[in-house]
Amino acid sequence: MWRMVLVVCAAVALSPAIAQAQGEPPDPGRTTSGTVVSNGTEFPYLLYTPTSYRPGRAAPLLVMVHGCQTTA
């Protein structure tokens, strides 16, 4: 029984520390829009560039495709 009480007390005591450990909010970055034309059909897109991006330095690229009339 005492072990259970100790575990619950430890979890409650650590919960603010866990919340603080989440770090900084997401990078605000910059979002721009554009259009790609393929076979006469225009496809609009949104491009998000984080503030940490530096031209000429390799960076990961994430492409997210929406379908079924959905948008970003």
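Residues numbered from 1 in each chain as written. Predicted model: local features only at pLDDT ≥ 70, side-chain atom pairs only at ≥ 80, totals over all residues. Heavy atoms only, no water.

**Q** For this particular structure, what's the right way to read the overall build of the chain?
**A** Each helix and strand in the chain was counted, giving one helix and two strands. Secondary structure elements of the chain, listed N to C terminal, follow the sequence α-β-β. The buried share of the chain, reckoned over its 72 residues, is 1%. For the chain, long-range pairs separated by at least 24 residues make up 9% of all intrachain contacts whose partners lie at least 6 apart in sequence. (Helix = DSSP H or I, 4+ residues; strand = E, 2+ residues; numbered from the N terminus. Buried < 20%, exposed > 50% of the residue type's maximum accessible area, 1.4 Å probe, protein only. Contact = heavy atoms within 4.5 Å.)

**Q** Just checking my understanding: could you explain the pairing of strand β2 (residues 41–49) for this structure?
**A** The side chains of a regular strand alternate between both faces of the sheet. Direction of pairing for strand β1 (residues 30–38) relative to β2: antiparallel, over a ladder of nine bridges. Each bridged residue has a counterpart across the sheet, and for T32 the counterpart in β2 is L47. The turn linking β1 back onto β2 is made up of two residues, and N39 within it adopts a positive phi angle of 55°. (Pairing = 2+ DSSP bridges.)

**Q** For this particular structure, what's the right way to read unusual backbone geometry?
**A** Trans is the common state for peptide bonds, and a negative phi is the common state for residues other than glycine. The backbone of N39 shows a phi angle near 55°, a positive value even though the residue is not glycine. Mapped onto the secondary structure, N39 falls in the loop between β1 and β2.

**Q** Is there a simple way to think about the environment of S33 in this case?
**A** Looking at the secondary structure, you find S33 in strand β1. As for S33 and Y45, which are separated by 12 residues in sequence, their C-alpha atoms are 5.7 Å apart. Beyond its immediate stretch of four places on either side in the chain, S33 contacts Y45 and L46.

**Q** What should I look at first to understand the confidence of the model for the chain in this one?
**A** Close reading of the predicted structure is inappropriate where its pLDDT is low. Confidence along the chain averages 76 in pLDDT terms, with 62% of residues attaining 70 or more. Across the chain, the element-wise mean pLDDT spans from 56 in helix α1 (residues 2–20) up to 92 in β1. (pLDDT = per-residue confidence, 0-100.)

**Q** Could you clarify how one ought to interpret a nonpolar patch on the surface in this entry?
**A** Together, V36, F43, Y45 and L47 line one region of the surface with nonpolar side chains, adding up to about 360 Å² of accessible area. Here the element with the most residues in the nonpolar patch is β2; it accounts for three residues. Note on placement: Y45 falls in strand β2. (Patch = residues over 30% accessible without salt bridge, like charges linked within 9 Å, V, L, I, M, F, W, Y side chains within 5 Å. Areas by Shrake-Rupley, 256 points an atom, 1.4 Å probe, with all protein chains shown as cover. Salt bridge = Lys/Arg side-chain N within 4 Å of Asp/Glu carboxyl O.)

**Q** Quick question: what am I supposed to make of the environment of M64 here?
**A** The topology assignment puts M64 in the segment after β2. A C-alpha to C-alpha distance of 10.0 Å links M64 and L46, two positions 18 residues apart in sequence.

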